[in-house]
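So the chains spell out like this:
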Amino acid sequence: MELLLAALGGCTAVDVDLVTSRRAEPTRFAVTVSGDKIRDPEAGNRMENVTVTFAVAFPAGADGDRAREALPRSLRQSHDRLCTVSRTVELGTPVTMVDASDRGPAEPR
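Residues numbered from 1 in each chain as written. Predicted model: local features only at pLDDT ≥ 70, side-chain atom pairs only at ≥ 80, totals over all residues. Heavy atoms only, no water.

Asker: Residue-level account of the overall build of the chain, with values.
Answerer: The helix and strand tally for the chain stands at 3 helices and 2 strands. For the chain, the α and β elements follow one another from N to C terminus as α-β-β-α-α. In terms of overall dimensions, the chain is more spread out than a globule: its C-alpha atoms have a radius of gyration of 18 Å, far above the 13 Å expected for 109 residues. Relative to its 109 residues, the chain shows a buried fraction of 23%. Sequence-distant contacts, at least 24 apart, represent 57% of the contacts inside the chain between residues at least 6 apart. Carbon and sulfur atoms make up 53% of the accessible area of the chain, which amounts to about 8,000 Å² in all. Each charge class in the chain can be summarised by its mean position, and for the 14 positive and 16 negative side chains these summaries are 6 Å apart. (Helix = DSSP H or I, 4+ residues; strand = E, 2+ residues; numbered from the N terminus. Rg over C-alpha atoms; globule rule 2.2 N^0.38 Å. Buried < 20%, exposed > 50% of the residue type's maximum accessible area, 1.4 Å probe, protein only. Contact = heavy atoms within 4.5 Å. Areas by Shrake-Rupley, 256 points an atom, 1.4 Å probe, with all protein chains shown as cover. Lys, Arg positive; Asp, Glu negative; His and termini not counted. Charge placed at Lys NZ, Arg CZ, Asp CG, Glu CD.)

Below, the structure is given as structure tokens:
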């Protein structure tokens, strides 16, 4: 769970930073990801209420103003199409489990 949340936060943070830092370097850039682990004997364990929270600040001035204006749009773009991690989680991509124990050393894909 922790790695999934870290991947989600990291993926989105990269997207947002790429867009906003073209306008101004942030003076604060903090990302917090949280969620509730649900233990469900019928439907299986999963996470719910996953939230990615950004606390970003930019310097005063025209460049900082442009970065602040770009922040909401960059968050939407990351969520809606850019962040592969959040898109995969939200779309519910199937996962295949393969037992390759008797095949010897792992072969590169």
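Still to come is the rest of the account.
Asker: Which residues make up the nonpolar core, and what are the values?
Answerer: Grouped together as the largest cluster of nonpolar side chains are 8 residues: Ala13, Val16, Ala24, Phe54, Val56, Phe58, Ala67 and Leu71. Of all elements in the fold, only helix 1 (2–20), strand 2 (46–57) and helix 2 (62–82) reach the threshold of two or more residues within this core. Excluding residues within four positions of it along the chain, Val16 makes contact with Phe29, Phe54, Leu71, Ser74 and Leu75. (Core = buried A, V, L, I, M, F, W, Y, C linked by side-chain atoms within 4.5 Å.)

Asker: Help me get a handle on helix 2, residues and values and all.
Answerer: By the largest-angle criterion, Leu71 marks the main kink of helix 2, which is about 35 degrees, and a proline, Pro72, follows within four residues. Every buried residue of helix 2 is listed here: Gly64, Ala67, Ala70, Leu71, Ser74 and Ser78. (Bend = angle between axes of the 7 residues up to and from the residue.)

Any functional reading would require information beyond the geometric quantities listed.
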